[in-house]
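Geometric and topological summary
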Amino acid sequence: MEWSSRRSIFRMNGDKFRKFIKAPPRNYSMIVMFTALQPQRQCSVCRQANEEYQILANSWRYSSAFCNKLFFSMVDYDEGTDVFQQLNMNSAPTFMHFPPKGRPKRADTFDLQRIGFAAEQLAKWIADRTDVHIRVFRPPNYSGTIALALLVSLVGGLLYLRRNNLEFIYNKTGWAMVSLCIVFAMTSGQMWNHIRGPPYAHKNPHNGQVSYIHGSSQAQFVAESHIILVLNAAITMGMVLLNEAATSKGDVGKRRIICLVGLGLVVFFFSFLLSIFRSKYHGYPYSFLIK
């Protein structure tokens, strides 16, 4: 294998893995992504992680600091099943660091479930394991700029069409709805998703079961944040109905129905929210010993 070629990632089967990674001696570190990219595997997380891995490997290969101290490679399950069996690996994607000397330690396996697979997080982990610092260069993405331009154009057009009647700007209900949408988005973990780049959900490769709620309190899926957003919105709606039933001066029977509906929304969806919390924080309800 020609290490000095311009390829940023070297694809390996079982023979190449044993020859260039497992067989000593080596004077270089190797980062390996174990994945399953074939369409029949239906691993959407693998494809997302592969995109970030490509960005990271290209950032290193085409940087001025590139040297033969570190290389990136990939082992696909359908091309290296024996490698997965040799390492007792039953999930993908997985990132591992193989040092020049000695066997990989526990810290040489990237904690993808807790940290996510963003290229910047992988670069930080590689710096901790190899002392090689990689500056990540992402290809230009103009989707945010285009979306902002469309939003500004839409708002500008609306203001122009309503230039003779701008009373809606002072509508408290409208601004309250906008504020609630922002609060729901932030409290459901959307910013965490933007920073960490977690997968939308997780599909178990053995039984095909899809998990939308992460089992750890240190991580979450994108679908999980959407579920929390809907639950928070439903609980808020219930509280609004309870307040409406208590403060309005309408028909008593109608107020009683509104009260029951609001109470049902709060009780049902808050119980659902609490069950999710309990599944992620396994020690809940907490108990304390007072001496």
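If you're wondering where the values come from, they're calculated on a predicted model, not measured in any experiment.

**Considering the overall build of the protein**
A count of helical and extended segments in the protein gives ten helices and six strands. In terms of overall size, the protein is more extended than a compact globule, its C-alpha atoms giving a radius of gyration of 26 Å where 291 residues would be expected to give roughly 19 Å. In the protein, which comprises 291 residues, the proportion classed as buried is 33%. Excluding contacts between residues fewer than 6 apart, the proportion of contacts in the protein whose partners are at least 24 apart in sequence is 65%. Counting only carbon and sulfur atoms, one obtains 60% of the accessible surface of the protein, whose full area is about 18,700 Å². Where the 33 positive side-chain charges of the protein centre and where its 17 negative ones centre are 4 Å apart.

**Examining the pattern of salt bridges**
Applying the stated criterion to the full structure yields eight salt bridges. A salt bridge links Lys280 to Glu224, with the shortest nitrogen-to-oxygen separation between them at 3.1 Å. With Lys280 in helix α10 (residues 252-280) and Glu224 in helix α9 (residues 222-247), this residue pair connects regions lying 56 residues apart in the sequence. Across the pair, exposure class does not vary: Lys280 and Glu224 are buried alike. One salt-bridge network, in which partners are shared between bridges, spans Asp15, Arg18 and Asp82.

**Overview of the UniProt feature "transmembrane region" (unreviewed entry) in the protein**
Annotation from UniProt places "transmembrane region" (unreviewed entry) at residues 142-161, 173-192, 226-245 and 257-277. Taken end to end, residues 173-192 has its terminal C-alpha atoms 29 Å apart, with 90% of it in helix and 0% in strand. Along residues 257-277 one finds 100% helix and 0% strand; the C-alpha atoms at either end are 30 Å apart.

**Some details on the nonpolar core**
Counting residues in hydrophobic clusters, the biggest one holds 29 residues, and the most contacted among them are Leu56, Leu70, Phe72, Phe95, Ile126 and Ile134. Ignoring anything within four residues of it in the chain, the contact list for Leu70 reads Ser29, Ile31, Trp60, Ile126, Thr130, Val132 and Ile134. Grouped together as the second largest cluster of nonpolar side chains are 16 residues, Ile21, Val32, Val83 and Phe84 included.

**What to know about the layout of surface pockets**
There is about 320 Å³ of room inside the second largest pocket. Around the second largest pocket, the lining is made up of 18 residues, and of these Gln220, Glu224, Ile228, Lys280 and Tyr281 lie nearest the centre. Taken together, the elements giving at least two residues each to the lining of the second largest pocket come down to α7 (172-187), α9 and α10. The element best represented in the lining of the second largest pocket is α10, accounting for six residues. Partitioned by chemical class, the residues of the lining of the second largest pocket number ten nonpolar, six polar and two charged.

**Let's talk about the packing of helix α2 (residues 44-61) against helix α5 (residues 119-130)**
A pair of packed helices can be characterised by two numbers: the angle between their axes and the separation between those axes. Put simply, α2 and α5 touch, their axes get as near as 9 Å, and they point 55° apart. Relative to α5, the element α2 is oriented oblique. Relative to α5, the crossing made by α2 is right-handed. For the pair α2 and α5, contact is made by Glu52, Ile55 and Leu56 and by Ala119, Leu122, Ala123 and Ile126, respectively.

**Some thoughts on the state of the cysteines**
Tallied over the full model, the rule gives one disulfide. The disulfide partner of Cys43 is Cys46, and the S-S distance across this bridge is 2.1 Å. On the S-S bond that ties Cys43 to Cys46, the torsion sits near 70°, and the link is right-handed. Of the two residues, Cys43 and Cys46, neither departs from the other in class, the shared state being buried.

**Observations concerning the sheet that holds strand β4 (residues 94-98)**
Adjacent strands of a sheet form backbone hydrogen bonds with each other and so pair up, either parallel or antiparallel. Strand order in the open sheet made by the four strands is β1-β3-β2-β4, with mixed pairing throughout. Sheet topology places β1 (9-11) and β4 at the edges, where each strand pairs with a single neighbour. Taken over all neighbouring pairs, the strand axes of this sheet differ in orientation by 25° on average, direction set aside. Two strands pair when backbone bridges link them, and strand β2 (residues 29-35) and strand β3 (residues 70-76) are joined in this way by seven bridges, in the parallel orientation. By the bridge assignment, Ile31 is partnered in β3 with Phe72. Sitting on the sheet, helix α1 (residues 14-22) touches β1, β2, β3 and β4, and the angle it makes with β2 is about 155°.

Conventions we followed
Residues numbered from 1 in each chain as written. Predicted model: local features only at pLDDT ≥ 70, side-chain atom pairs only at ≥ 80, totals over all residues. Heavy atoms only, no water. Helix = DSSP H or I, 4+ residues; strand = E, 2+ residues; numbered from the N terminus. Rg over C-alpha atoms; globule rule 2.2 N^0.38 Å. Buried < 20%, exposed > 50% of the residue type's maximum accessible area, 1.4 Å probe, protein only. Contact = heavy atoms within 4.5 Å. Areas by Shrake-Rupley, 256 points an atom, 1.4 Å probe, with all protein chains shown as cover. Lys, Arg positive; Asp, Glu negative; His and termini not counted. Charge placed at Lys NZ, Arg CZ, Asp CG, Glu CD. Salt bridge = Lys/Arg side-chain N within 4 Å of Asp/Glu carboxyl O. UniProt positions renumbered as here; feature names shortened; annotations may be inferred. Core = buried A, V, L, I, M, F, W, Y, C linked by side-chain atoms within 4.5 Å. 1 Å grid on protein atoms, 1.4 Å probe; cavity = no way out; pocket = protein on both sides within 12 Å on 5 of 7 lines; lining within 4 Å. Points joined across faces, edges and corners; volume = space filled by probe spheres on them. Nonpolar A, V, L, I, M, F, W, Y, C, P; charged D, E, K, R; others polar. Axes fitted to C-alpha atoms, helices over the stretch in contact; angles between N-to-C directions. Parallel < 35°, antiparallel > 145°, perpendicular 65-115°, else oblique. Left-handed = near helix turned anticlockwise from the far one by under 90°. Disulfide = S-S within 2.5 Å. Pairing = 2+ DSSP bridges.

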